Amino acid sequence: MGRPPDIDVAAYLRRHESRDLLRFIACGSVDDGKSTLIGRLLYETRALFEDQLAALEADSRRHGTQDGEIDYALLLDGLSAEREQGITIDVAYRYFGTERRRFVVADCPGHEQYTRNMATGASNADLAVVLVDARKGLLPQTRRHSYIVSLLGIRHVLLAVNKMDLVGYDRAAFEAIAEGYRALAAQLGVPQVQAVPLSALRGDNLLRRSPAMPWYRGPSVLEHLETVGIARADRDLGFRMPVQWVNRPNQDFRGFAGTVAAGEVRPGDEIVALPSGRRSRVARVVTADGDLAVAGEGQAITLTLADELDISRGDVIADARRPPQVADQFAAHLLWMGEQALLPGRPYWLKIGTRTVGASVTEIKHKIDVNTQEPLPAKRLALNEVGYCNLYLDQPVPFEAYADDRTLGGFILIDRQSNATVAAGTLDFALRRAGNIHWQHLDVDKAARARIKGQQPRCLWFTGLSGSGKSTIANLVEKRLHAMGYHTFILDGDNVRHGLNKDLGFTAEDRVENIRRVAEVARLMTDAGLIVLVSFISPFRAERRMARELFADGEFLEVFVDTPLEVAERRDVKGLYAKARAGQLRNFTGIDSPYEAPEAPELRLDTVAESAEALAQKVIDHLLD
Ligand SMILES: Nc1ncnc2c1ncn2[C@@H]1O[C@H](COP(=O)(O)OS(=O)(=O)O)[C@@H](OP(=O)(O)O)[C@H]1O
Ligand SMILES: Nc1ncnc2c1ncn2[C@@H]1O[C@H](COP(=O)(O)OP(=O)(O)O)[C@@H](O)[C@H]1O
């Protein structure tokens, strides 16, 4: 196979800069011939640089498996070597093009442990190439890959039935696989399937139809990739555009920039800004190349409006006649990508469109076996697992069901401490319309209640290991404050767990819910004008931060009761450490359940260096200072 002729890049770009772009994901294992398929597409479309070509030819002679011929798989297998060294590969993107279309292919590892990588690659792909080895037929991995493809809303699958040369180009073998896959695709809700019998190694039906399979009259792989029409949604939603930034170079121009997510927009169209609900009309549709009479899906534009509306990044500008819904509670599917398991109740950041809001999973309804799509009971979601959940956002967002619009229906969850993306998700439907729940105005407010008590409401949040001294010190503080005429209340872990939280245990999920509930109660008590002392182990930083964020600045004081584990264990006032060491008590903090010490508490109490009485006075002095 001779090297393809060099091309005149400038002439090529002049001829093709208007070509549209197809993003696709290649699913399958190296054994299915995925590397050979992608490698050959890159080679035949001259997407390789001179040095890559020279290296490929040299490597093929040295390491190739094709008797010195070009071994296209070598182009991609370098990545698998990196994987074997444990180097985390998110997704490898490759770029190539032909006279008719530009392509970006996401090469994702096929193994279940890389499911999150596949979700990343699929999240903005329009088509999936699903490889099947003609000798092996549909495998569990085929189902898993196809489920992820359907979950991420990809509507087109090219089923590449590879290695047809190894089954004698048998038509019946191909058609049995194609028929089986179409049944699977129908079950998963993937509307468009094009099955192509090929041999990536020999090139049969890869670039053009092969005489080796005269019975196949469909397109080759490349022909299908070049010509498939991408339908992004069934429903015509009307114009939607998440605002990426507000362009205000001077007093005379205020433009709202973004990429059209759905529909079309023209000057004069009536629009609504969400979630505010304010309306206006489009004055101009501005681009770097001048004003447009109309803009459609995928176009980057700047809109100016007839009225001065207060719109900011994260808002959505939409067709006023057919606006998206706005809600703050949803049923959603999540693919968990975090090393640490999802904990219901834990606050995350949720990014949808261009908006980022606080969010937590209020309930995991069930998880879904990615290989069989069977629902399974679950209280947590671990890495690469898919769950069906209820989601609560701390503010309403404009949205669409993911099946209708991936931009306003797809989201990611971000860990608040590490800023890592921990989940990719799809909104199914709203559980509650934000507009149906109102804040009830009440005439007597927190300030009025605190005034008649002659005090400032506060939350003193004591955190520390079991036996560290939280209850002892909190009790001393309350006694002294009470004697000084202050109105106080203690919420103690042991006590609250006999009533309000008696349904909770000591798994991480239950501790998250325990702290969520008691933080809300503590806030209500400060709304009542009280000084609240909370004495809970509260082991996780995320939940202590979530508690802190419920209070006004300066109202929440984190008090770290800092007792080393060996000292608390020596005290062992309830004998629980002994039980935990003897294996009679599981999930015991400090033994087989973590405690995350505060990084910047308002107060740190060293119970080894000072007595409980002295430390209690320290808290009071700080509080009344
Ligand atoms: N497995 C396990 N781990 C930790 N603690 C345990 C456990 N089982 C029972 N106990 C007793 O419960 C008290 C801790 O409850 P909390 O609500 O403060 O814990 S948490 O905030 O939900 O982590 C704690 O009370 P304190 O010793 O006063 O902290 C223990 O006495
Ligand atoms: N400096 C100190 N501060 C608080 N407690 C202390 C101190 N020194 C010894 N202790 C003893 O340690 C134990 C702490 O128990 P407790 O207050 O119930 O802890 P927690 O509420 O954190 O589980 C008590 O028996 C207390 O008398």
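Every chain's residues receive numbers from 1 upward, in the order its sequence appears when written. Throughout, the order in which chains and ligands are written sets their labels, letters from A for the former and numbers from 1 for the latter. Reporting in this predicted model follows two pLDDT cut-offs: at least 70 for local features of residues, and 80 or more for side-chain atom pairs to be given and counted; totals over whole chains, interfaces and linings ignore these cut-offs and use all residues. To get the side-chain values, all heavy atoms of the structure are used, and hydrogens and water are removed first.

J.: Explain the UniProt feature "binding site: ATP" (unreviewed entry) in the protein residue by residue, including any values.
T.: Within this numbering scheme, the UniProt entry marks Gly464, Leu465, Ser466, Gly467, Ser468, Gly469, Lys470 and Ser471 as carrying the feature "binding site: ATP" (unreviewed entry). In this text, helices come from DSSP runs of H or I with a minimum length of four residues, and strands from runs of E with a minimum of two, each type numbered from the N-terminal end. When you line up the elements, Gly469 lands in the loop between β22 (458–463) and α11 (470–483). Only protein chains enter the area calculation, which uses a 1.4 Å probe; residues under 20% of their type maximum are buried, those over 50% are exposed, and those in between are partly exposed. Its relative accessible area of 18% is what places Gly469 among the buried residues. Only heavy atoms matter for contacts: two residues are in contact if any of them lie within 4.5 Å across the pair. If we skip the residues at most four places from it in the chain, Gly469 touches Val561 and Arg571. Mapped onto the fold, Lys470 is located in helix α11. In this view, Lys470 contacts Phe462, Thr463, Gly464, Leu465, Ser535, Phe536, Ile537 and Val561; residues no more than four positions away in its chain are not counted. Counting of polar contacts relies on pairs of N or O atoms within 3.5 Å, with two restrictions inside protein: one atom must be capable of donating a hydrogen and the other of accepting it, and residues adjacent in sequence are counted only when both atoms are side-chain atoms. At a separation of 2.9 Å, a polar atom in the side chain of Lys470 contacts the main-chain carbonyl oxygen of Leu465. UniProt positions are given in the numbering used here, feature names are shortened, and annotations may be inferred rather than shown by experiment.

J.: Mind laying out the site of ligand 2, listing which residues take part and the relevant values?
T.: Near ligand 2 lie 16 residues; those nearest to it are Gly467, Lys470, Ser471, Thr472 and Glu610. The backbone of Gly469 places a nitrogen or oxygen atom 3.0 Å from an oxygen atom of ligand 2. A distance of 2.6 Å separates an oxygen atom of ligand 2 from a polar side-chain atom of Thr472. Taking 570 Å² as the accessible area of ligand 2 by itself, protein coverage stands at 77%. Mapped by element, the contributors of at least two residues to the shell around ligand 2 are α11 and α17 (612–624). When residues of the shell around ligand 2 are assigned to their parent elements, the largest contribution, four residues, is made by α11. Here, proximity means that at least one heavy atom of the residue falls within 4 Å of the molecule or strand. Each accessible area is a Shrake-Rupley estimate made with a 1.4 Å probe; only the visible protein chains count as cover when residues are assessed.

J.: Can you break down the pattern of salt bridges residue by residue, with the values?
T.: The salt bridge criterion pairs a side-chain nitrogen of Lys or Arg with a carboxyl oxygen of Asp or Glu, the two atoms within 4 Å. Tallied over the full model, the rule gives 36 salt bridges. The shortest N-O distance in the salt bridge between Asp527 and Lys446 comes to 4.0 Å. One end of the pair, Asp527, is in helix α13 (residues 508–527); the other, Lys446, is in helix α10 (residues 446–453), and 81 residues separate them in sequence. The class for Asp527 is partly exposed, based on a relative accessible area of 25%. Note on Lys446: relative accessible area 25%, which makes it partly exposed. Among the salt bridges present, the one from Arg517 reaches Glu513, with a minimum N-O distance of 2.7 Å. With Arg517 and Glu513 both in helix α13, this residue pair falls four residues apart, about one helical turn. With respect to class, Arg517 is no different from Glu513; both count as buried. Each of the salt bridges in this network shares a partner with another, and the network as a whole consists of Asp503, Glu513, Arg516 and Arg517.

J.: Got a sec to walk through the packing of aromatic side chains? Specific residues and values, please.
T.: Describing an aromatic ring pair means giving the distance of the ring centres and the angle of the ring planes. By convention, a stacked pair of Phe, Tyr or Trp rings (six-membered ring in the case of Trp) has centres within 6.5 Å and planes under 30 degrees apart, an edge-to-face pair has planes over 60 apart, and any other such pair is tilted. Using the criterion set out here, one finds eleven aromatic pairs in the structure. On the numbers, 6.2 Å between centres and 80° between planes, the contact of Phe174 with Tyr216 is edge-to-face. Of this pair, Phe174 sits in helix α7 (residues 171–188) while Tyr216 is found in the loop between β6 (192–197) and α8 (221–227), placing the two residues 42 residues apart along the sequence. Looking at Phe174, the relative accessible area reads 6%, which means it is buried. Judged by its relative accessible area of 6%, Tyr216 falls in the buried class.

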